[in-house]
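Listed below are the residues making up each chain.
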Amino acid sequence: MKNYLIGILLFGLCFSCAEKKSEEKSIQEPTMDKVKLMTLDPGHFHSALVQKTMYPQVDSTVYVFAPEGPEVQDFLNKIKQYNTRSENPTGWNVETNFGDDYLQQMIYQSPGNVMVVAGKNSKKIDYILAAVTAGLNVYADKPLVINPDGFVKLKEAFEIAEQNGVMIYDIMTERFESTTMMQKLFSTLPHVFGELVDGTPDEPAISKESVHHFFKYVSGNPLVRPAWFFDVNEEGEGIVDVTTHLVDLVQWEAFPNQIIDSSDVEMLRAKRWPTILTPEEFTKVTKLTEYPEYLEKDIVDGKLHTFSNGEMIYKIKGKHAKVSVIWNYQAPEGTGDTHYSIMRGTKCDLIIKQGPEENYKPVLYIQPTIKSPFDNLLTSAVENEIQELFPGTTAEKMSNGLWKINIPDEFKIGHEAHFAQVTENYLKYLEAGELPAWEIPNMITKYYTTIAGYKMAKED
C-alpha cells in the first residue's frame with residue numbers, strides 16, 4: 001500500500017518526470033542546451049506569472065513577439081517588477097519584437113524552442129497550430145479552445161505535434177492546490193474512502209464549483225483587465241473558460257493515470273447566464289470610460305451583460321459529475337475567489353469548503369458515511385500514509401461529526417506560485433521528451449467535455 005500511494009502521488013500530483021510510453025513512440029531529442037521561451041501576444045497576466053520565478057533549465061533571455069499596446073506593456077511592467085523586487089529578484093532579459101506581423105516574425109526568427117501564450121482565447125488555437133507546424137513546443141494558458149471549430153483545430157494540432165516531435169501542454173495550476181491534492185490522496189485510500197459512488201444528476205459523485213471576480217489584486221496591484229476580456233467571442237463564455245480547470249480536476253482526481261476517451265463522456269445538462277456590470281464597474285476594472293463598439297451587442301439598458309457563468313452535469317466513465325463557475329464583479333473585503341468540491345465515497349465524503357467559517361481559505365473536511373471503526377482508520381491513515389507525503393498534517397474531529405484536515409502552511413503557497421510548479425513539471429516533460437501516456441488523450445477529452453457543455457447550453 002505504501003509503495004502504491006507513493007506511485008500515485010509521484011504521477012497523479014505531477015511531481016515526477018513523464019512516464020514511459022510504448023517503445024514504438026519516438027522520443028523528442030533536445031534541440032538546445034537550455035529551454036528558450038518565446039512569449040507571444042501576452043494579453044493575460046498569466047503570461048507574466050510563468051516568469052515570476054526563474055528556472056535553471058531556462059535561458060534568462062526571453063523573446064516577446066506582440067503588437068504594441070497596453071497589454072504587452074503590462075506584461076513588461078510585471079517582468080520589471082519581478083526583476084527589481086527586494087526578495088528573490090528575477091534576472092530576466094527581455095528582447096521585444098513589436099509589429100502587426102508578430103506571429104510571422106516569431107515563426108520566421110524562432111529564437112526559442114517553446115512558445116508561451118496567454119491572451120485572447122479566440123486566437124490561441126491558431127497560434128498553437130502555427131507553432132507546432134513550425135516544430136515549436138507550446139506552453140499555453142487555458143482554455144486552448146472556446147468553440148466547436150476550435151476543437152476541430154485542436155485535434156489537428158495534436159496530430160501535427162506528434163508528427164513533428166513537439167509538445168502541447170496547458171497550464172493546470174489547480175492540480176497543485178493543497179486541499180485538492182489532499183482530497184485526491186484520500187480518495188486513493190480504499191480503507192478510508194472506499195470507492196467513488198456512481199452518483200445521480202441531482203447528487204453527483206464528484207462536484208467542482210468555483211466563484212471568481214473581475215476586480216482583484218495580482219502581485220499586490222489592482223488588476224486591469226482588457227475590454228475584450230468581457231467579449232465572449234474573444235475570451236469565451238464561462239462554461240468553456242474556468243470550467244477547463246474543473247473538468248481537468250474531475251478527470252485527474254476521479255481517474256488518476258487513466259486514459260479517458262471522449263466516448264467515456266455523456267453530457268446530461270448544461271446552462272449559462274450573464275454577469276451584469278454597471279458602467280462604473282466596467283471603468284474601474286478596465287480604466288476605460290466607455291464601452292468599445294464590439295461590446296455594444298451585450299449592452300442592455302446601459303449595463304454590460306457577459307455570459308461568464310455556466311454549469312454542466314455529465315457522466316464520465318459511468319460516474320456523475322458536475323462543474324459550475326460563477327463570476328461576480330468584486331469579492332467582499334478580505335475574501336477572494338472561492339472553491340467548493342465534494343467527492344462521494346462508499347465510506348466517506350471528501351469536502352472542500354472556502355466560506356466564512358473557513359475565513360475564505362480552502363479547508364478539507366471528511367464526513368464519514370459508515371460508523372466504527374472509521375475514526376481509527378482515518379487517524380491511522382493520517383499518521384502513516386498522509387504524514388509521509390505531507391508531514392505535519394493532522395485530523396481534528398469536530399462537534400458536528402466532521403473531521404477537519406489541518407494542512408501545514410508550508411503546503412499552502414497560493415495561486416500565483418502554482419505557475420512555477422506547473423512550469424517545473426513541464427520542463428521535466430520537455431527533458432524526457434514525452435508526456436505521461438494519459439495526458440494528451442485526457443486533454444482532448446477535457447476540451448471535448450467543455451465544448452459539449454457549451455453546445456448544449458447554447459441550444460437550451
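Here is a short report on the structure shown in this document.

Scoring rules and cut-offs
- Residues numbered from 1 in each chain as written.
- Predicted model: local features only at pLDDT ≥ 70, side-chain atom pairs only at ≥ 80, totals over all residues.
- Heavy atoms only, no water.
- Helix = DSSP H or I, 4+ residues; strand = E, 2+ residues; numbered from the N terminus.
- Rg over C-alpha atoms; globule rule 2.2 N^0.38 Å.
- Buried < 20%, exposed > 50% of the residue type's maximum accessible area, 1.4 Å probe, protein only.
- Expected span 1.5 Å × (residues − 1).
- Arc of directions from axis to C-beta.
- Core = buried A, V, L, I, M, F, W, Y, C linked by side-chain atoms within 4.5 Å.
- Contact = heavy atoms within 4.5 Å.
- Pairing = 2+ DSSP bridges.
- Phe/Tyr/Trp six-rings, centres within 6.5 Å; stacked < 30°, edge-to-face > 60°.
- Lys NZ or Arg CZ within 6 Å of the ring centre and 35° of its normal.

1. Considerations on the overall build of the protein chain
Assigned secondary structure in the protein chain consists of 13 helices and 18 strands. The C-alpha atoms of the protein chain give a radius of gyration of 22 Å, which matches the 23 Å a tight globule of 460 residues would have. For the protein chain, buried positions account for 53% of its 460 residues.

2. A short note on helix 9 (residues 243-254)
Here helix 9 contains 12 residues, and its C-alpha end-to-end distance of 16 Å stays within 8% of the 16 Å for a straight helix at 1.5 Å per residue. With 12 of 12 residues buried, helix 9 lies mostly within the body of the structure. Every buried residue of helix 9 is accounted for by T243, T244, H245, L246, V247, D248, L249, V250, Q251, W252, E253 and A254.

3. Some remarks on helix 10 (residues 279-286)
For helix 10, the full list of buried residues reads F282, V285 and T286. Down the axis of helix 10, the smallest arc covering the buried residues is 85 degrees, so these residues share one side.

4. Section: the nonpolar core
Formed by 110 residues in total, the largest nonpolar core has its most connected members in F186 and Y314. It is helix 12 (residues 415-432) that provides the largest number of residues to this core, a total of 7 residues. Residues within four places of F186 in sequence aside, it is in contact with V192, F193, L350, L364, I366, L378, V382, I386 and I405. Counting 15 residues, the second largest nonpolar core, distinct from the first, contains F214, V242, F282 and Y329.

5. Things to note about the pairing of strand 17 (residues 394-397)
Looking at chain direction, strand 17 and strand 18 (residues 403-406) are connected through 4 bridges and run antiparallel. Within strand 18, the residue paired with T394 across the bridge is N406. Here strand 17 folds back onto strand 18 in antiparallel fashion, the turn holding 5 residues, of which G401 has a positive phi close to 95 degrees.

6. Let's talk about the pairing of strand 14 (residues 338-344)
Within strand 14, 5 of the 7 residues are buried, leaving the element largely enclosed by the surrounding structure. Where strand 7 (residues 206-215) and strand 14 come together, 6 bridges link them in antiparallel fashion. If you follow V211 over to strand 14, its bridge partner there is T338. Here strand 14 folds back onto strand 15 (residues 348-353) in antiparallel fashion, the turn holding 3 residues.

7. Side note on the packing of aromatic side chains
For the coordinates displayed, the defined rule picks out 14 aromatic pairs. Arranged with centres 5.6 Å apart and planes meeting at 75 degrees, the rings of Y169 and Y429 form a pair that is edge-to-face. One end of the pair, Y169, is in strand 6 (residues 168-170); the other, Y429, is in helix 12, with 260 residues separating them in the sequence. This pair shows no difference in class: Y169 is buried, exactly as Y429 is. Arranged with centres 5.7 Å apart and planes meeting at 65 degrees, the rings of F230 and F282 form a pair that is edge-to-face. With F230 in the loop between strand 9 (221-222) and helix 9 and F282 in helix 10, this residue pair connects regions lying 52 residues apart in the sequence. Every member of this aromatic cluster is reached through a ring pair, and the members are F214, F229, F230, F282, Y291 and W327. A cation over a ring is seen here: K184 above W252, with NZ or CZ 3.7 Å from the ring centre. The aromatic ring of F307 is capped on one face by R272, whose charged end is 3.9 Å from the ring centroid.

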